[in-house]
Amino acid sequence: MELLETINLQKTVQNGDTQENILKGIQLSFQKGKITALIGASGSGKSTFLTILAGLQSVSSGEVLLEGNSLVAMSAEQLRKLRAKEFGYVFQYAHLVPFLTVEEQLHLMLDIAASPLSKQERKQEVHDVLGMIDMLHRQHAYPSILSGGEKQRVAIARAVIHKPKLLFADEPTASLDSKRSMDIMELILKLTKKNDITTLMVTHDEDMLRYADRVIKMNDGKITEDRTV
Ligand SMILES: Nc1ncnc2c1ncn2[C@@H]1O[C@H](COP(=O)(O)OP(=O)(O)OP(=O)(O)O)[C@@H](O)[C@H]1O
């Protein structure tokens, strides 16, 4: 069974007097552990598609199946639990909680995901992940003193510390220069491959495609290219 699958996925929105079809029957499946990059012109529907798969937006018709279970059929509460436990999110900006230290950001995520780890195991896990992102020296720092790249490293650690099944990344490197972008992608690769996390990433940056196992191109709400790299 595929990890994630969409069946004839459609999204229609009301723009003034007109109805606009922004996703026009998308049929795709995603294998476990792979990194898929979603590319395409501005307005082609990439973020809409990503946020629907991520359980953050509803469909107009069609299905989204996670290990065969319909996200469309879930109640708001079921979806909230699923998102907290099985999904991780990274956006263009880190969106760290300003009044929590670096290590507290990670502990908070383990709390939200209702991690089965004991207190001691959680401490160890946070310590290990901070080591992996080279941020142990900043564990007691607040976000305001961190650089853009450091903030994004913490955001990525926070997105995967609970070992979600899926990581959704919407332009995770868009706010960074090319060296830092590559560092961030290396980190995403390292952390997701280690835990067999499946990654879906929207990007405008051609240089980031080298980190993907698969590249899907969208145009006007449809898939126009799908290649394994
Ligand atoms: N809730 C909404 N109401 C009305 N129109 C919407 C809504 N959400 C998205 N759209 C429109 O649907 C189209 C697709 O938007 P989407 O954000 O998915 O595109 P995108 O490919 O991610 O674009 P970009 O690369 O610029 O971020 C756009 O024309 C957008 O204006």
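Just so you know, these numbers come straight off a predicted model, no measurement behind them. (Residues numbered from 1 in each chain as written. Predicted model: local features only at pLDDT ≥ 70, side-chain atom pairs only at ≥ 80, totals over all residues. Heavy atoms only, no water.)

### Examining helix α1 (residues 46-53)
Within α1, seven of the eight residues are buried, which leaves the element mostly enclosed by the surrounding structure. All of the buried residues in α1 are K46, T48, F49, L50, T51, I52 and L53. Remark: G55 follows α1 within two positions and exhibits a positive phi of approximately 70°. (Buried < 20%, exposed > 50% of the residue type's maximum accessible area, 1.4 Å probe, protein only. Helix = DSSP H or I, 4+ residues; strand = E, 2+ residues; numbered from the N terminus.)

### Details of the sheet that holds strand β8 (residues 198-202)
Here we have six strands laid out as an open sheet, ordered β6-β7-β8-β3-β9-β10, and mixed in their pairing. Looking at which strands have only one partner, the edges of the open sheet turn out to be β6 (87-90) and β10 (222-228). The sheet shows a mean angle of 15° between the axes of neighbouring strands, taken without regard to direction. In the sheet, strand β3 (residues 35-40) pairs with β8 via four bridges, with the strands oriented parallel. The partner of I35 across the bridge, within β8, is T199. (Pairing = 2+ DSSP bridges. Axes fitted to C-alpha atoms, helices over the stretch in contact; angles between N-to-C directions.)

### Things to note about the pattern of salt bridges
Under the counting rule described, the total for this entry stands at 12 salt bridges. For R122, the salt bridge identified is with D111, shortest N-O distance 2.5 Å. Highlighted residues: R122 in helix α4 (residues 119-132) and D111 in helix α3 (residues 102-112), separated in sequence by 11 residues. Exposure remark for R122: the relative accessible area of 16% places this residue in the buried category. Ionic pairing is found between R227 and E225, a salt bridge with its closest N-O pair at 2.9 Å. You can call E225 partly exposed: its relative accessible area is 33%. Connected through salt bridges with shared partners, the residues E67, E86 and K165 form a single ionic network. (Salt bridge = Lys/Arg side-chain N within 4 Å of Asp/Glu carboxyl O.)

### Things to note about the sheet that holds strand β5 (residues 69-70)
Read across the open sheet, the four strands follow the order β2-β1-β4-β5; overall the sheet is antiparallel. A single partner strand is all that each edge strand has here, and the edge strands are β2 (18-30) and β5. Pairing geometry for strand β4 (residues 61-66) and β5, over two bridges, is antiparallel. Paired with L66 across the two strands is N69, which belongs to β5. Of the strands in this sheet, β1 (4-15), β2 and β4 are in contact with α1, which crosses β2 at around 60°. (Contact = heavy atoms within 4.5 Å.)

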